[in-house]
Amino acid sequence: MKKINKRDMGEFVHSLVKDFTVYAPVNVDGIFLFKQVKSFEETRLDYKNSIKPPKEIFFPQSEVMFKYEKGKLRSTETVDEK
């Protein structure tokens, strides 16, 4: 397992956002949430607890799984993010 020093986190996050979708804790009106970030400056690593868990990113509370149109069942699944 590798460890990243706090002073190197900015460079690490900047390297990730070039090619990947990155989620991190952010402060929104005094509440910590996990949101998509475009730079390390948006992140807050000093949070103690978030209102909503980070698993909400991977498991949305609701999603459309299929559509039924003109007598045909069609999947809505598309996966194109890294």
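Everything below is about the structure shown above.
Residues numbered from 1 in each chain as written. Predicted model: local features only at pLDDT ≥ 70, side-chain atom pairs only at ≥ 80, totals over all residues. Heavy atoms only, no water.

## Some details on the pairing of strand β4 (residues 72–75)
Part 1 of the reasoning: In terms of strand pairing, strand β3 (residues 66–69) meets β4 through four bridges, oriented antiparallel. Within the sheet, the bridge partner assigned to tyrosine 68 lies in β4 and is leucine 73. (Pairing = 2+ DSSP bridges. Helix = DSSP H or I, 4+ residues; strand = E, 2+ residues; numbered from the N terminus.)

## Brief notes about the environment of alanine 24
Part 1 of the reasoning: Within the element layout of this structure, alanine 24 appears in strand β1 (residues 22–28).
Part 2 of the reasoning: When the C-alpha atoms of alanine 24 and phenylalanine 34 are compared, they prove to be 5.1 Å apart, with 10 residues separating the residues in sequence.
Part 3 of the reasoning: Setting aside chain neighbours within four positions, we find alanine 24 in contact with Leu33, Phe34, Lys35, Val37 and Thr43. (Contact = heavy atoms within 4.5 Å.)

## Some thoughts on the packing of aromatic side chains
Each aromatic ring pair is summarised here by two numbers: the centre-to-centre distance and the angle between the ring planes.
Part 1 of the reasoning: Scanning all chains against the criterion turns up two aromatic pairs.
Part 2 of the reasoning: Judged by centre distance (6.0 Å) and plane angle (40°), the rings of phenylalanine 32 and tyrosine 47 are tilted. Here phenylalanine 32, found in strand β2 (residues 31–37), pairs with tyrosine 47, found in the loop between β2 and α2 (55–58); they are 15 residues apart in sequence, far enough to count as distant.
Part 3 of the reasoning: On the numbers, 5.7 Å between centres and 90° between planes, the contact of phenylalanine 34 with tyrosine 47 is edge-to-face. In this pair, phenylalanine 34 sits in strand β2 while tyrosine 47 sits in the loop between β2 and α2, placing the two residues 13 residues apart along the sequence.
Part 4 of the reasoning: An aromatic cluster is present here, built from Phe32, Phe34 and Tyr47 joined pairwise through their rings. (Phe/Tyr/Trp six-rings, centres within 6.5 Å; stacked < 30°, edge-to-face > 60°.)

## Quick word on the side chain of threonine 43
Part 1 of the reasoning: Positionally, threonine 43 belongs in the loop between β2 and α2.
Part 2 of the reasoning: A relative accessible area of 11% places threonine 43 in the buried class.
Part 3 of the reasoning: Within the structure, the side chain of threonine 43 is placed 2.6 Å from the backbone oxygen of phenylalanine 40, a separation counted as a polar contact. (Buried < 20%, exposed > 50% of the residue type's maximum accessible area, 1.4 Å probe, protein only. Polar contact = N/O pair within 3.5 Å; in protein donor to acceptor, adjacent residues only side chain to side chain.)

## Considerations on the pattern of salt bridges
Part 1 of the reasoning: Counting across every chain of the model gives three salt bridges.
Part 2 of the reasoning: Note that aspartate 46 is salt-bridged to arginine 44, the shortest N-O span being 2.9 Å.
Part 3 of the reasoning: The exposure class of arginine 44 is partly exposed, given its relative accessible area of 29%.
Part 4 of the reasoning: Here arginine 74 makes a salt bridge to glutamate 69, at a shortest N to O gap of 3.2 Å.
Part 5 of the reasoning: Its relative accessible area of 39% is what places arginine 74 among the partly exposed residues.
Part 6 of the reasoning: Judged by its relative accessible area of 41%, glutamate 69 falls in the partly exposed class. (Salt bridge = Lys/Arg side-chain N within 4 Å of Asp/Glu carboxyl O.)

Shape descriptors only; they carry no functional weight alone.
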